[in-house]
Every structure is written in structure tokens, then in C-alpha cells.
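Observations on chain architecture
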Amino acid sequence: QDSSTECVECPVGTQTTGAGSIACEGAQCATESVEYSSTVCRGSTGDVCDVQCQEGYQLIGQHTCGVEGEFAGGECVIIECAPSIVPHSSRGEAAPCTGVYGDNCVFACHCGYEPRFTAESSDVHECRTENATGHAATFSGGSCGECEPGSFSNQGGMCAMCGPGEEVSTDQ
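Note that the coordinates shown come from a computational prediction; the quantities given were computed from them, not determined experimentally.

1. A closer look at the side chain of H63
- Position of H63 among the secondary structure elements: in strand β6 (residues 57-65).
- Exposure remark for H63: the relative accessible area of 5% places this residue in the buried category.
- A distance of 2.9 Å separates a polar atom in the side chain of H63 from the backbone oxygen of G74.
- Aside from chain neighbours lying at most four places away, what touches H63 is E32, V34, C41, D47, V48, C49, V51, F71, A72, G73 and G74.

What follows is the structure in C-alpha cells.
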């Protein structure tokens, strides 16, 4: 009995489907974790990994299994906050708060205003997302409220009279 074997040459990035097979399939990519994500990518040539980035990060591009047997492409990058002003403070139109997720922006209230904050905010503006999967980040936090000059504020600070160009500081 004569047995013959047919040889198949698979394109780059593919492999034969198994012993005695004459078909080609995508080659497996090495398992890979994605930085700033809990996603672990697995798959074959051409597969796209569904990357879920950590809060404060967003996916740019697609993470795809390439012919080299490795995932490449998409990555999780930190979200940038849109510029934000704090009315009646040193962080007005000329010098707004800028930064990326997690950054804090310190401000000083103008004379006649005092720092206002609650349990959820403080004397800084913080760049944060509005929800766990947020792809947009904004500054939020403390503000400046009007007060009577020379009086103690309900925040423990003091609203002082000041000369031209001076500011009441929010620094403790």
C-alpha cells in the first residue's frame, strides 16, 4: 500500500489545522496583559482583543493579534481634563485648571470671597471621571463664595480685607 501526503504551505501568520490536515488557520498569539487594564488578551491572527481600560484611562486604537504571534496596536492612555475655571479665584480665564485624570489644581480665592468645600470637595479642583467607565474627565471640587470682609467663614477660614491685587489663599 502506497500512502501519499499532500503538503500545504500556509501564509505567514497561519498554521495547519492539525495532523494530516490540508487547511490553514490563524496562528495563536501569546497571551498578553494590557497596561492600565485588567484585560488579558488571547486569540489567533486577526482577532481583536476587547480591552477595558481602568477608570481614568481610555482605549486608543485596536489591540489586534498580528502575524508575528503578538498583540499590538491599541493602548490605554490617561484621559486629559478639559480646562476649567474657578470663578472669583486665581484660576480664571487667564490661568484655568489643566491636567490629566487624578491631577489636582490648587486655587486662591479673590478678596471678598472665601474657599467653600463639602465632604465631596476640597480647596482644590480634582480631575476625575463622572462614572467608572467614563471616557470624559472634568475638574470638580472646591469653589469660592462671597463673604463679609473681616468675618469668619463657616469653613473655618477668614475673609480678609486686602489691597489691590492681593488674594485670600486656600492653602492651609
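Anyway, onward from the coordinates.
2. Considerations on the sheet that holds strand β7 (residues 71-78)
- What the 3 strands build is an open sheet, ordered β5-β6-β7; its pairing is antiparallel. At either end of the open sheet lies a strand with only one pairing partner, and these are β5 (48-49) and β7.
- Sheet analysis places β5 next to β6, joined by 2 bridges and oriented antiparallel. By the bridge assignment, V48 is partnered in β6 with T64.

Conventions we followed
Residues numbered from 1 in each chain as written. Predicted model: local features only at pLDDT ≥ 70, side-chain atom pairs only at ≥ 80, totals over all residues. Heavy atoms only, no water. Helix = DSSP H or I, 4+ residues; strand = E, 2+ residues; numbered from the N terminus. Buried < 20%, exposed > 50% of the residue type's maximum accessible area, 1.4 Å probe, protein only. Polar contact = N/O pair within 3.5 Å; in protein donor to acceptor, adjacent residues only side chain to side chain. Contact = heavy atoms within 4.5 Å. Pairing = 2+ DSSP bridges.

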